[in-house]
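Commentary on secondary and tertiary structure
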Amino acid sequence: NAGVTQTPKFQVLKTGQSMTLQCAQDMNHEYMSWYRQDPGMGLRLIHYSVGAGITDQGEVPNGYNVSRSTTEDFPLRLLSAAPSQTSVYFCASRLDRVAGTGELFFGEGSRLTVL
Amino acid sequence: TQLLEQSPQFLSIQEGENLTVYCNSSSVFSSLQWYRQEPGEGPVLLVTVVTGGEVKKLKRLTFQFGDARKDSSLHITAAQPGDTGLYLCAGGRYGGSQGNLIFGKGTKLSVKP
């Protein structure tokens, strides 16, 4: 079972470059989300989606775009990378839209460094 | 504003010791989850509690949800090196943004042989 797959695992960018972090899940989950994890800051929600064609902003959305054209895929785009976006990014999915008792499944993370 | 406060932030103990990690808030949560994250990996769910006062046990780990559903604790008995990792609590909210979990900053546990 693949679960949640993120690519790439590591990436180095120069300031101003753009890139896309890919996320795919094969569990037919409605809810998908992107978090960033920084030392001492915990997991902070960037964007989320409750179904194909539906996206919304989380706690720290500035500098990032998302789209959800299919149930399976939820890419995260960095428009013009900044050093402040150096972080570890996690994609997570859940079967249900509402955060009841459902488990959030995480990918292995993408470590991004912006020089 | 950090809605979920975890303490302690760091914990280093010897194998065989007991420990308790706390997750506190002034807000009421519909549910509370605990995740464990190992280096280089994503968090993995350990348990979900939904009823005030609920206690769940997972081998040597005991989880409790506060009566008012504002806080939770994780107690580990006779810790082992395999328990080493980052422990995260996450709360499900009522009302708007019901799909999103609020995560605490985590407790980094190191268990030395």
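Residues numbered from 1 in each chain as written. Chains lettered and ligands numbered in written order. Predicted model: local features only at pLDDT ≥ 70, side-chain atom pairs only at ≥ 80, totals over all residues. Heavy atoms only, no water.

1. Topic: the overall build of chain A
Along its length, chain A carries zero helices and eleven strands. Each helix (α) and strand (β) of chain A, taken in turn from the N terminus, gives the series β-β-β-β-β-β-β-β-β-β-β. Here chain A has a C-alpha radius of gyration of 13 Å; the compact-globule value for 115 residues is 13 Å, and the two agree. Overall size of chain A, expressed as C-alpha extent along the three principal axes, is 40 × 30 × 25 Å. Looking at chain A as a whole, 47% of its 115 residues are labelled buried. The contacts in chain A between residues at least 6 apart in sequence include a share of 53% that link residues at least 24 apart. Roughly 5400 Å² of accessible area belongs to chain A as shown, and the carbon and sulfur atoms make up 50% of that amount. Between the averaged position of the 9 positive side-chain charges in chain A and that of its 10 negative side-chain charges there is a distance of 9 Å. (Helix = DSSP H or I, 4+ residues; strand = E, 2+ residues; numbered from the N terminus. Rg over C-alpha atoms; globule rule 2.2 N^0.38 Å. Buried < 20%, exposed > 50% of the residue type's maximum accessible area, 1.4 Å probe, protein only. Contact = heavy atoms within 4.5 Å. Areas by Shrake-Rupley, 256 points an atom, 1.4 Å probe, with all protein chains shown as cover. Lys, Arg positive; Asp, Glu negative; His and termini not counted. Charge placed at Lys NZ, Arg CZ, Asp CG, Glu CD.)

2. Considerations on the state of the cysteines
What the rule picks out here adds up to two disulfides over all chains. Two residues, Cys-23 of chain A and Cys-91 of chain A, share a disulfide whose sulfurs are 1.9 Å apart. Between Cys-23 of chain A and Cys-91 of chain A the disulfide shows an S-S torsion of about -70°. By sign, it is left-handed. Here Cys-91 of chain A lies in strand S9 (residues 87–94) and Cys-23 of chain A lies in strand S3 (residues 19–25), a separation of 68 residues in the sequence. Just as Cys-23 of chain A is buried, Cys-91 of chain A falls in that class too. Between Cys-23 of chain B and Cys-89 of chain B runs a disulfide, and the two sulfur atoms are separated by 2.0 Å. The S-S bond linking Cys-23 of chain B to Cys-89 of chain B shows a torsion near 80°; that makes this disulfide right-handed. A residue pair is termed long-range when its members are at least 10 positions apart, and Cys-23 of chain B in strand S3 (residues 19–24) and Cys-89 of chain B in strand S9 (residues 85–92) qualify at 66 residues. (Disulfide = S-S within 2.5 Å.)

Function-wise, these values are silent; they only describe arrangement.
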